Amino acid sequence: MNRRVFSREGWIRLGVIAAFVIAFEAFCRAGFIPRTVVLPPSDMAVSLWHILQTGEYNKDILSTLRNVAASAVLSVTFGFALGVILHALPRMRATLEPLLASYYAVPTFMFYPVFIVMFGVGSGAIIAIAVLLSVVAMIASTLTGLDRIPRVLRKTAAIYRMGTAKRAVLIDFPAAAPYLFTGIKLAFAYAFIGVIASEFILSGQGIGYAIAYAYNNFDNRNMYGLMLLVILLATAANTALDTIDRRMQSRMRRQ
Amino acid sequence: MKRLGDSVLLVIGILAAWQVLFWIAGDIALTSPAATAAHLWKLLGTARFWENAAETARAFGLAVTISIVGGIALGVMLGLNRTSGVVSEPILIALYSLPKVTLYPLVLLCFGLGMSAKVAFGAMHGLIPVTIFTMKAIMQIKPVLWRTAHAMRLNVRQTALTIALPAVLPEVVAGARLGFSLTLLGVLIGEMFASQRGLGFMIMSAMGLGDIATIMAVAVFLSVVAIAANAVLLWIDRAIPR
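Let me sum up the structure you'll find in this document. The model shown is predicted, which means the values in this text are computed figures rather than measured ones. (Residues numbered from 1 in each chain as written. Chains lettered and ligands numbered in written order. Predicted model: local features only at pLDDT ≥ 70, side-chain atom pairs only at ≥ 80, totals over all residues. Heavy atoms only, no water.)

Re the interface of chain A and chain B
If you look at the interface, chain A gives 51 residues, while chain B gives 54 residues. Around 4400 Å² of area is buried between chain A and chain B when both sides are counted, 79% of it from carbon and sulfur atoms. Counting every contact that joins chain A to chain B gives two salt bridges. Here B:Arg82 and A:Glu9 are joined by a salt bridge, their closest N and O atoms 3.3 Å apart. Those elements giving two or more residues to the side of chain A that touches chain B turn out to be α2 (8-30), α5 (90-102), α6 (112-119), α9 (164-201), α10 (207-216) and α11 (220-254) of chain A. It is α11(A) that provides the largest number of residues to the side of chain A that touches chain B, a total of eleven residues. Partitioned by chemical class, the residues of the side of chain A that touches chain B number 39 nonpolar, six polar and six charged. (Contact = heavy atoms within 4.5 Å. Buried area = accessible area lost by both parts, 1.4 Å probe. Salt bridge = Lys/Arg side-chain N within 4 Å of Asp/Glu carboxyl O. Helix = DSSP H or I, 4+ residues; strand = E, 2+ residues; numbered from the N terminus. Nonpolar A, V, L, I, M, F, W, Y, C, P; charged D, E, K, R; others polar.)

Quick look at α5(A)
Residues spaced three or four apart along an α-helix face the same direction, because each turn holds 3.6 residues. Residues and elements named next belong to chain A. For α5, spanning 13 residues, the distance from its first C-alpha to its last is 19 Å, which sits close to the expected 18 Å at 1.5 Å a residue. At leucine 96, α5 shows its maximal bend, which comes to roughly 45 degrees, and the proline proline 98 appears one to four places after that position. Of the positions making up α5, those classed as buried are Arg93, Thr95, Leu100 and Ser102. (Expected span 1.5 Å × (residues − 1). Bend = angle between axes of the 7 residues up to and from the residue. Buried < 20%, exposed > 50% of the residue type's maximum accessible area, 1.4 Å probe, protein only.)

A word on the side chain of A:Ser63
Residue and element names in this part refer to chain A. Along the chain, the position of serine 63 falls in helix α4 (residues 58-88). Under the relative-accessibility criterion, serine 63 is labelled buried at 3%. Beyond its immediate sequence surroundings of up to four residues, serine 63 is in contact with Glu199, Gln205 and Gly206.

What is shown is where atoms sit, not what they do.
What follows is the structure in structure tokens.
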């Protein structure tokens, strides 16, 4: 990990980001961008520190994290199960293929109001839309993973006279694992986007709701503090998942 | 022919599932397929619907042009140099997986309510995937192609048009397809918060009134348009020789 981050490109990347933040700060401080529009990054950080220290938004933060976790777990579980079932039924899969190919073209969020009427304003509707958004990524990754299991491994399993269950655990699962992990990474990213966006559109709590509320009350300080929190959370989680993902991919290529 | 049969089967399956869901959930939560189609037909006859649709189409047209032209230009610039590609890729991926709705207040404060905010928000969603796809495609062009261009003494313009562009076209079309859908989503979400016109606004105001029939009809209309556009792009994608 350390070796990678501090490669030449890593340093340049760090420099680019630092330069961007410093330039942003300078522009704000020099008055080119009025404070009513954007706060300088240092003020955002101070506001975020204040938010975390006083704990006034702890309930919202916890609610968002809980919903993201619930949606990601549900999507990964159902996506994996549906992927395995579809893989076993080629006829069914061929029928559903156009749906999978054009699923992400549909603006799923437009159905959020329907879920609100169905489940009421609250975690139910939010989790439903987040799962709807992320489950297909997991299904697609599971199908890809199962498709790419090398034939030689199946033959090896046959030579060892493994049963279906034993082959699934010892051969299929480990062979498909890197693709499954990519699915988990995507499911998590989509669940995060789905939860925050639905909270933003209509809900009673959560970070997205708190940002929308602060915006409506011209409360720039808290709004930018919370925005910074979302950016940091999403970037940290995605970078961590992405690093593991890349490692698994490169290990697979070495084999 | 078999593919067409599959598609018909899929549509029938979706309609059946919808009808069953309607029987379970009741008509407070959602309208039946037949009622939605009837309501949509009625909406399609009103001038108000087409005004909103035209407004959305205008915003989307501008946003998707910015996303695709800007994304390809940025992708080519970043991809031609290996260092800039390696440096920017993780940054772009982090930006891509950010929930951009959170940045919406920022866009509003910078652009004000109305058309420019919607276009900016749509372009924010679409620009990054197109950039990522183009950049990766340029970076993965086989070195032998560059050497061929060199051996044939092609100038920069000839290299770009006869070597680089054909080599990356499939990935660029795939990126444009993703950019297309995400830009549409961005424009619609933009309309939901900060607009007095457009289909997103129509859904938002219907949500305030509890008018479930209109929500369903507009959402279905958008889905059908999006799927049709995606099918055309998929077809182009597959028609490109590689």
